[in-house]
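Chain by chain, the residues run as shown.
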Amino acid sequence: MAATVKLEHNERRTQAERSDSMRIRLLEATLQSLAEDGYAASTLSSIVRRAGVSRGAQVHHYPNKQALMLDAAEDLLRRTYRQLGELLLAIGDEDDRLGRLVEAAWDQVFSTPLFHAYTELLVASLRDANLADALRGRLKRVQSVFAPAVEHYFEPVRATKPELHALFLQMSCFLVGLATQAHLMQDRAHVQAQLLLWAKQAGLMMKARKGVRLPP
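Draft legend 1. Focus on the side chain of Ser33. Looking at the secondary structure, you find Ser33 in helix α1 (residues 2–37). Sequence-distant contacts of Ser33, that is, excluding residues within four places in its chain, are made with Gly38, Ser42, Ser46, Ile47 and Arg50.

Draft legend 2. The arrangement of the nonpolar core in detail. Ranked by size, the top nonpolar core spans 64 residues in total, and within it Trp106, Phe110 and Phe154 carry the most contacts. In terms of residue count, helix α4 (residues 65–90) provides more of this core than any other element does, 11 residues in total.

Draft legend 3. Layout of the environment of Ala132. With respect to the secondary-structure elements, Ala132 resides in helix α7 (residues 129–153). On the accessibility criterion, Ala132 (17% relative accessible area) is buried. With 11 residues separating them in the primary sequence, Ala132 and Leu121 have C-alpha atoms 8.9 Å apart.

Draft legend 4. Summary view of the packing of aromatic side chains. All chains considered together, the criterion is met by five aromatic pairs. Taking 6.3 Å as the distance between ring centres and 10° as the angle between the ring planes, the aromatic pair formed by Phe174 and Trp198 counts as stacked. Within this pair, whereas Phe174 is found in helix α8 (residues 161–181), its partner Trp198 is found in helix α9 (residues 188–202), the two being separated by 24 residues in sequence. Among the residues examined, Trp198 registers a relative accessible area of 7% and is labelled buried.

Draft legend 5. The arrangement of the pattern of salt bridges in detail. Applying the stated criterion to the full structure yields 13 salt bridges. Where Arg209 meets Glu155, a salt bridge forms, and the shortest distance between an N and an O atom there is 3.3 Å. One end of the pair, Arg209, is in the segment after β2 (206–208); the other, Glu155, is in strand β1 (residues 154–156), and 54 residues separate them in sequence. Since its relative accessible area comes to 27%, Arg209 is described here as partly exposed.

Draft legend 6. Quick peek at α4. Spanning 26 residues, α4 covers 37 Å between terminal C-alpha atoms, matching the ideal 38 Å at 1.5 Å per step. With a side-chain oxygen positioned 3.3 Å from the backbone nitrogen of Gln66, the residue opening α4 is Asn64.

Draft legend 7. Region of the structure containing the confidence of the model for the protein chain. Put simply, the protein chain has an average pLDDT of 85, and 90% of its residues get 70 or more. Per-residue pLDDT, averaged within each element of the protein chain, yields its smallest value for α1 (73) and its largest for helix α2 (residues 44–51) (92).

Draft legend 8. Spotlight on the side chain of Thr80. Considering the arrangement of structural elements, one finds Thr80 in helix α4. You can call Thr80 buried: its relative accessible area is 4%. Ignoring sequence-local partners within four residues, the contact set of Thr80 consists of Val109, Phe110 and Phe115.

Thresholds, definitions, all that
Residues numbered from 1 in each chain as written. Predicted model: local features only at pLDDT ≥ 70, side-chain atom pairs only at ≥ 80, totals over all residues. Heavy atoms only, no water. Helix = DSSP H or I, 4+ residues; strand = E, 2+ residues; numbered from the N terminus. Contact = heavy atoms within 4.5 Å. Core = buried A, V, L, I, M, F, W, Y, C linked by side-chain atoms within 4.5 Å. Buried < 20%, exposed > 50% of the residue type's maximum accessible area, 1.4 Å probe, protein only. Phe/Tyr/Trp six-rings, centres within 6.5 Å; stacked < 30°, edge-to-face > 60°. Salt bridge = Lys/Arg side-chain N within 4 Å of Asp/Glu carboxyl O. Expected span 1.5 Å × (residues − 1). Polar contact = N/O pair within 3.5 Å; in protein donor to acceptor, adjacent residues only side chain to side chain. pLDDT = per-residue confidence, 0-100.

And the structure:
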């Protein structure tokens, strides 16, 4: 009897792991498709083929394209803010933490092909009110997770605490905007100059806290 119960438990766990693996493959395929083919060309059929799963598996996890796109967007946003937190912790030089954060965030997150997937969703949401509403809610949730890190790593100089948070929202908007048009700029040096200028301006309003070596 005990052996039968254990076998059934192992089978359920294996099925759950297989199901989770398929969901992850669908999310990865969706982000890759958005980045490489764009929103319009990222159909459910093409994503299923790219993921190497059955149509039944797709329907089980995501009944329609919007549900899949939104879950992929949330996954990407969570990755982005998690990476930003890791970057903050990795930068030990308080005197240059802001400048290095902006530069590292651009190099490792916002300028990557994968982040192009998010810009595709942003553009699509301009004409899709349901997509815009859903993205707005997901962005708000993810930002609330990152918010405690702002006051943990930085403090205002000529700003209030609300303005400190507003500056980081501004940084995010600046980097997203830059990601959508960097390909039109002259060269890497021109982009680098924009990054340094923003950090210099924001540095008049805030500074890194001294001695922070642990995450919030």
